[in-house]
Amino acid sequence: MWNDILQSLNERDILEKKDSEYYAAFAQLAQQLQAVGLESTSPSPSPSLTTSGEYNREPDLAKENHQLKAEITKLIEGINEKTIAAEKAELRASQAAKAKTSLEKQIDKLNTKIETLTAQLKEKDRSIEIINDEALLNQIQSNVLKDEIEKVRHENESLIKRWMAKVREDAERLNEENAKAG
Amino acid sequence: MQSIEVKESVWNGLVNVRIVFRSAGGPVQYLARVYRQSYFAVEFAALVEYFGRHDKAVATQPVWLEYESVPIKWNLPVGVLHDYLHLPVRTTSAVWTLTLRCDQYPRDHIIPFIYTTGSGTVDYARSLQETVVNLLKQSSFVLNGNAKVIMALGEADSNAWWHAIVAHNLYQYERVARIVMPSLKFQRVPVKVYVCGSTEVIQAPIYPTSASGAAVSLGAVLSEVLPSLFAQGTFARPYIQGLDMTAWVNNPDCGILDLWKAFKHLDNFLYITVLVASGLAEIDSRDKQSISGS
């Protein structure tokens, strides 16, 4: 919105400040004319003597007054420019301060998030340790069980061998008895 | 940042004025660059000094300016007078020619100057200061519901503010304005509406926000104060600080308070000049020619 308004103001100024240089030149000439007029109204070469014997410094003072007025006008124009520049700087500073505050808030938020995540990480590390311990325990138990299974398997094999031997002996004995009876 | 540039442009707005005085020896001209945010009465001392060399009466009698035989109200800002009187008939030259007079002061039309200086000459500054202070009291009353801040303003600050207005010193003006308007939360917005070709001045208390809390637009204000021109279509164009505001009439981002902050005059009033439909097309074509020609 402000961009469009600024554009319109610039167009207005192009129109309304047209030929301003002539108006400024006229103002300067009018002041000089005024100063010359004051000098010419002085009855004797400046500084003139008044009836009381004092120097009549009125034309000089008026001329000086005009010069000072012109200087003041220039100074005020300069002050106005500086005021606008200061306002722009203030606005920039205020925007920067706002951005800083916003970033600080964001940093605080992120720090809190980091703290939460760190706590979560620690908790997870602890959980992992527990799980590792459990896994180790399970592995030990597994190894023990494996050993037991191996032992049982050996026992089983031995029993089967013994049982097979016994069955063979029984079968042989039975065969022998059958042969004797036959 | 653009809002500050707008403020700078508004503060530095100037109009070129050619002032003619018809002395016994023939017409004499004076070319002046006058700030839109100023008053013609501020220039009177310089005009009297210049034209006084051609006619002594100028220095002893109160002067006034005329445009097309219409006495110009010195208590109105120059920009408002320009938009109200000159804009409808502006030609491509953009030179605004006024006539200085010092005979038979038109007391029925414009405020008379009642004060004189120690040397017997008319004290234009004192009358203007009194008028501007009264306008500031009025605007302060509209803004805050009372004029306490203006009444409580110390003499030093009051004088500084006045000198800032005369010298067009933004720094001093802003310094005192911060004391007078410590916050930007206002009850109402001081607005004056002038319709070109009419002597009527519309001054209504404008609330910056509606009951729902939304910003009141320029269009809503104009429909309320000038329903015959704005309620049922566009029969007129509002001008503020010399800008045709038609494009921003119903802009939701451009409330009346935003416009007041950007375009208010030194008396803290927002002046809206309304140009009725006839002649608008001519102004458009003239302005386009002038801008492209420069």
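Residues numbered from 1 in each chain as written. Chains lettered and ligands numbered in written order. Predicted model: local features only at pLDDT ≥ 70, side-chain atom pairs only at ≥ 80, totals over all residues. Heavy atoms only, no water.

In the annotation of an unreviewed UniProt entry, chain B is listed under the name Autophagy protein 5 and assigned to Suhomyces tanzawaensis NRRL Y-17324. For chain B, the Subunit (unreviewed entry) comment in UniProt is given as "Conjugated with ATG12." The record in UniProt for chain B states the following under Subcellular location (unreviewed entry): "Preautophagosomal structure membrane". (UniProt positions renumbered as here; feature names shortened; annotations may be inferred.)

The name given to chain A in an unreviewed UniProt entry is Autophagy protein 16, and the organism recorded there is Suhomyces tanzawaensis NRRL Y-17324. You can read under Sequence similarities (unreviewed entry) in the UniProt record for chain A the words "Belongs to the ATG16 family."

Peer 1: I tried to follow the overall build of chain A on my own but got confused; where do I start?
Peer 2: When helices and strands are counted, chain A shows three helices and two strands. When the 182 residues of chain A are sorted by exposure, 13% land in the buried category. Here chain A has roughly 14,600 Å² of accessible surface; of this, 57% comes from carbon and sulfur atoms. (Helix = DSSP H or I, 4+ residues; strand = E, 2+ residues; numbered from the N terminus. Buried < 20%, exposed > 50% of the residue type's maximum accessible area, 1.4 Å probe, protein only. Areas by Shrake-Rupley, 256 points an atom, 1.4 Å probe, with all protein chains shown as cover.)

Peer 1: In this structure, what is going on with the overall build of chain B? I would like to understand it.
Peer 2: Tallying secondary structure elements over chain B gives 12 helices and 10 strands in all. A burial count over chain B gives 53% of its 294 residues as buried. In chain B, the proportion of contacts linking residues at least 24 apart, taken out of those at least 6 apart, comes to 64%. (Contact = heavy atoms within 4.5 Å.)

Peer 1: Before we go on, may I ask you to explain the packing of helix α7 (residues 155–167) of chain B against helix α8 (residues 170–180) of chain B in this structure?
Peer 2: The axes of two packed helices give the description: the angle between them and the distance between them. Residues and elements named next belong to chain B. Contact geometry of α7 with α8 gives a least axis separation of 8 Å together with a crossing angle of 135°. Looking at the two axes, α7 sits oblique to α8. Handedness of the α7/α8 crossing: left-handed. Residues Asp 157, Ala 160, Trp 161, Ala 164 and Ile 165 of α7 touch α8, and the partners they reach there are Gln 172, Tyr 173, Arg 175, Val 176, Ala 177, Ile 179 and Val 180. (Axes fitted to C-alpha atoms, helices over the stretch in contact; angles between N-to-C directions. Parallel < 35°, antiparallel > 145°, perpendicular 65-115°, else oblique. Left-handed = near helix turned anticlockwise from the far one by under 90°.)

Peer 1: Help me understand the sheet that holds strand β10 (residues 270–276) of chain B, please; the structure alone is not making it clear to me.
Peer 2: Two pairing modes exist for strands in a sheet, parallel and antiparallel, and in both the strands are linked by backbone hydrogen bonds. Residue and element names in this part refer to chain B. Strand order in this open sheet of five strands is β7-β6-β10-β8-β9, and the pairing throughout is mixed. Whereas interior strands pair on both sides, the edge strands pair on one side only; in this sheet they are β7 (201–206) and β9 (243–244). Relative to β9, strand β8 (residues 236–240) is paired through two bridges, and the arrangement is antiparallel. Along β9, the bridge assignment pairs Tyr 239 with Asp 244. Together, β6 (189–195), β7, β8, β9 and β10 form the strand contacts of helix α11 (residues 256–263), whose direction differs from that of β6 by roughly 80°. (Pairing = 2+ DSSP bridges.)

Peer 1: Even after reading the chapter, I still don't get the side chain of B:Asn16, so can you show me in this structure?
Peer 2: Positionally, B:Asn16 belongs in strand β1 (residues 14–23). Residue class for B:Asn16 comes out buried when judged on its relative accessible area of 2%. A polar side-chain atom of B:Asn16 sits 3.4 Å from a polar atom in the side chain of A:Ser20. (Polar contact = N/O pair within 3.5 Å; in protein donor to acceptor, adjacent residues only side chain to side chain.)

Peer 1: When you look at the interface of chain A and chain B in this model, what are you seeing that I'm missing?
Peer 2: Many descriptions give the size of an interface as the accessible area lost when the pieces come together. Facing 37 residues of chain A, the contacting portion of chain B comprises 52 residues. Here chain A and chain B share an interface that buries about 4,200 Å² over both sides, 63% of which is from carbon and sulfur atoms. For chain A, the biggest contributors to the area lost against chain B are A:Leu15, A:Glu16 and A:Tyr23; these three give 18% of the whole. Counting across the chain A and chain B interface gives four salt bridges. Here A:Lys88 makes a salt bridge to B:Glu5, at a shortest N to O gap of 3.8 Å. One can count 11 residue pairs in polar contact (both at pLDDT 80 or more) joining chain A with chain B. Broken down by secondary-structure element, the contributors of at least two residues to the side of chain A that touches chain B are α1 (2–16), α2 (20–41) and α3 (58–181) of chain A. Of the residues forming the side of chain A that touches chain B, the biggest block, 14 residues, is contributed by α1(A). Along the lines of polarity and charge, the residues of the side of chain A that touches chain B split into 17 nonpolar, eight polar and 12 charged. (Buried area = accessible area lost by both parts, 1.4 Å probe. Salt bridge = Lys/Arg side-chain N within 4 Å of Asp/Glu carboxyl O. Nonpolar A, V, L, I, M, F, W, Y, C, P; charged D, E, K, R; others polar.)

Peer 1: Can you help me understand the sheet that holds strand β2 (residues 26–35) of chain B in this one?
Peer 2: Residue and element names in this part refer to chain B. In space, the five strands of this open sheet follow the order β2-β1-β5-β3-β4, with mixed pairing throughout. The open sheet has two edge strands with one neighbour each: β2 and β4 (70–71). Sheet analysis places strand β3 (residues 64–67) next to β4, joined by two bridges and oriented antiparallel. Considered in β4, the bridge of Tyr 67 is made with Val 70. Each of β1, β2, β3 and β5 (96–101) is contacted by helix α4 (residues 78–86), which is oriented at about 110° to β5, the strand it contacts most.

Peer 1: Help me understand the nonpolar core in this model?
Peer 2: For soluble globular proteins, the rule of thumb is that nonpolar side chains tend to be buried together. All names here are of chain B. One finds Phe 40, Phe 44, Phe 51, Trp 96, Phe 263 and Val 274 to be the most contacted residues of the largest nonpolar core, which totals 108 residues. For this core, the element with the highest residue contribution is helix α2 (residues 40–51), accounting for seven residues. Leaving out residues up to four positions away in the same chain, Trp 96 has contacts with Asn 16, Val 17, Arg 18, Phe 40, Tyr 67, Ile 72, Val 78, Leu 81, His 82, Leu 85 and His 86. (Core = buried A, V, L, I, M, F, W, Y, C linked by side-chain atoms within 4.5 Å.)

Peer 1: Just checking my understanding: could you explain the pairing of β1(B) for this structure?
Peer 2: In regular strands, side chains alternate between the two faces of the sheet. All names here are of chain B. Of all 10 residues in β1, eight are buried, a share of seventy percent or more. When β1 meets β2, the two strands line up antiparallel, connected through 10 bridges. Bridge pairing in β2 links Val 15 to Val 34. Between the end of β1 and the start of β2, which pair antiparallel, lie two residues.

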